[in-house]
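Examining the three-dimensional arrangement
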Amino acid sequence: MITRKRAFRGALTLTVALGFAAAALPAGAVERTPTAERTPAAEAAYARATASAPSNAAAASDARLRALLHRLTTVDGAPGAFIEMRDRRGSAVLTDGVADIERRTPLDPDSRFRIGSMTKTFTATALLLLVEEKRVHLDAPVERYLPGVVRGHGNDGRRITVRQLLQHTSGLPDFLDHFDPRDIVMDPLAHRDPLDLVNIALAHPPEFAPGAGWSYSNTGYLLVGMIIERVTGNTYGEEIERRVIEPLGLSETSVPGDDPTIPGPHPRGYVRPGDDAPLLDITAVNPSVGGAAGGMISSGSDVNRFLGALLGGELLHPAQLGEMMRTRPTGGSDGRRYGLGLESKPLPRGGRYWGHTGDFLGYETAAGATVDGRQATVMVNLGPGSSDAQSDDIQAAVETALSRGRSALSVGQR
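Residues numbered from 1 in each chain as written. Predicted model: local features only at pLDDT ≥ 70, side-chain atom pairs only at ≥ 80, totals over all residues. Heavy atoms only, no water.

In the annotation of an unreviewed UniProt entry, the protein is listed under the name Beta-lactamase family protein and assigned to Streptomyces anulatus.

Structure below.
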């Protein structure tokens, strides 16, 4: 799930002002003073750490990674930051900050966390496996699988294809643009039915005619989950578990449904209601609001294993993987392109990488992989962050890790 961060922060600020949050969140508000850390001295320390990095390419990358993680937990204000990176020679983990701001416990290298919109890559993979079996056709209308579901205010499932749902070219409104986040804060354990969330979006006109543009829509992936369920007779989670999680042995990955807990070692997840507000603990939240668009839990190790297996052809036949990697521009200036649940972006030193970003209440993540066997996953336990700088630094950490080349990992190797 991708949250609309500025609107979300504004709504959460109003929530606190109205006095809702303390009663609604299980752990209440916890004081932290990130504004004291966002100082010229902190910025200068980050600059010194980067500038004084050794000339050796791998060591310089490691120094920059440490500096970026420290920036995330100081200048950007996140409690903790984590990166798991690997290549064909091994894996390494770096952490900074804390998993719990009350106990001040460090982040566990095997931490699980909510992966938000990285769920879309898992969901798309499960759908493309049904395409392989000829049970779903990418260019068939949504109406074939969900008759009468997509209707209203100019939205029409007879004109929208399954491919367009997967590639965000359907024109369907994103339900998050019309969803009040205070509803989650006031009742974080409530179940949210995917059809109800879809209908929130369908009460508004489309962004554009199907296929005529690109606009990120979580609504489309809720519908993809519903298609998987209609075709198989199983929940989308059961299909992801059977087709992806179990074959790859992803023991730290789950599709929790309505379960508000995170199994295994995990950092607490926090939201920041306003620039100078104390953090709120929202670790326990019903993930059904994300569903097939953003409700999964995983770890850095498992996400990297999944992306490596996906790009390596372990999950999809070449034809379906080729469809997934057929991209179109998203309209930004950063060279980002989007395929079917998988996006690509240029690396600073040349070439491209593949992956996804993810936001869910309490956590922000990003992961990327190259076709020659490098992967990196970054997580912070703050979402939404206090500014877009957090997202930029997370992305920079992924790209720095992937740009380290084929040299052996030199820090925290395991």
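1. Let's talk about the overall build of the protein
Helix and strand counts for the protein come out as 16 helices and 16 strands. Expressed as a percentage of the 414 residues in the protein, the buried residues total 60%. Summed over all atoms, the accessible surface of the protein reaches about 15200 Å², with 51% contributed by carbon and sulfur. (Helix = DSSP H or I, 4+ residues; strand = E, 2+ residues; numbered from the N terminus. Buried < 20%, exposed > 50% of the residue type's maximum accessible area, 1.4 Å probe, protein only. Areas by Shrake-Rupley, 256 points an atom, 1.4 Å probe, with all protein chains shown as cover.)

2. A look at the nonpolar core
In this structure, Leu127, Val136, Leu166, Leu223, Ile227, Ile240 and Phe306 are the most contacted members of the largest nonpolar core, which totals 82 residues. In this structure Leu223 touches Leu146, Val149, Val150, Leu165, Leu172 and Val198, once residues within four positions along its chain are discounted. (Core = buried A, V, L, I, M, F, W, Y, C linked by side-chain atoms within 4.5 Å. Contact = heavy atoms within 4.5 Å.)

3. Considerations on helix 14 (residues 300–311)
Helix length check: helix 14 (12 residues) gives 17 Å between terminal C-alpha atoms against 16 Å at 1.5 Å per residue, within 8%. Buried within helix 14 we find Gly300, Ser301, Asp302, Val303, Asn304, Phe306, Leu307, Ala309, Leu310 and Leu311. Phi turns positive, to about 80 degrees, at Gly313, one or two residues after helix 14. (Expected span 1.5 Å × (residues − 1).)

4. Comments concerning the sheet that holds strand 11 (residues 328–329)
Taken in spatial order, the 9 strands line up as 4-3-2-16-15-14-13-12-11 in an open sheet, and their pairing is antiparallel. At either margin of the open sheet sits one strand with a lone partner, and together these are strand 4 (105–106) and strand 11. Along the sheet, helix 14 makes contact with strand 2 (80–87), strand 14 (352–360), strand 15 (363–369) and strand 16 (375–380), crossing strand 2 at roughly 35 degrees. (Pairing = 2+ DSSP bridges. Axes fitted to C-alpha atoms, helices over the stretch in contact; angles between N-to-C directions.)

5. Re helix 6 (residues 119–132)
With 14 residues, helix 6 extends 20 Å from end C-alpha to end C-alpha; this agrees with the ideal 20 Å at 1.5 Å per step. The element helix 6 is largely enclosed, with a buried count of 13 among its 14 residues. Directly beyond the C-terminal end of helix 6, a positive phi value near 60 degrees is found at Lys134.

6. Notes on the environment of Gly154
Within the secondary structure layout, Gly154 lies in the loop between strand 6 (151–152) and strand 7 (155–156). Take Gly154: its relative accessible area is 53%, and that puts it in the exposed class. Placed 18 residues apart in sequence, Gly154 and Leu172 show a C-alpha to C-alpha distance of 9.5 Å.

7. Considerations on the pattern of salt bridges
The final tally for this structure, using the stated rule, is 20 salt bridges. Its salt-bridge partner being Arg243, residue Glu239 comes within 2.6 Å of it at the nearest N-O pair. With Glu239 and Arg243 both in helix 12 (residues 236–248) and 4 residues apart, the pair spans about one turn of that helix. Assigned by exposure class, Glu239 and Arg243 land together as buried. For Asp372, the salt bridge identified is with Arg374, shortest N-O distance 3.0 Å. Here Asp372 and Arg374 have matching classes, each one buried. Residues participating in the shared-partner salt-bridge network are Glu133, Arg135, Glu239, Arg242 and Arg243. (Salt bridge = Lys/Arg side-chain N within 4 Å of Asp/Glu carboxyl O.)

8. Quick notes on the pairing of strand 13 (residues 343–346)
In this structure, strand 12 (residues 337–338) lies alongside strand 13, joined through 2 bridges in antiparallel fashion. Following the sheet pairing, Arg337 is matched in strand 13 by Ser344. A loop of 4 residues connects strand 12 with strand 13, the two strands running antiparallel in sequence, and Gly341 in this loop sits at a positive phi of about 75 degrees. The pairing of strand 13 with strand 14 spans 4 bridges and is antiparallel. Bridge assignment links Glu343 to a residue of strand 14, and that residue is Gly355. With antiparallel pairing between neighbouring strands as the criterion, strand 13 and strand 14 make up a hairpin whose turn holds 5 residues, including Gly350 at a positive phi of roughly 105 degrees.

9. Observations regarding the environment of Leu72
With respect to the secondary-structure elements, Leu72 resides in helix 5 (residues 57–73). The sequence separation of Leu72 and Phe82 amounts to 10 residues, and the corresponding C-alpha distance is 9.7 Å. Apart from residues lying up to four places away in sequence, Leu72 is in contact with Gly77, Ala78, Ala81, Val380, Gln390, Asp393 and Ile394.

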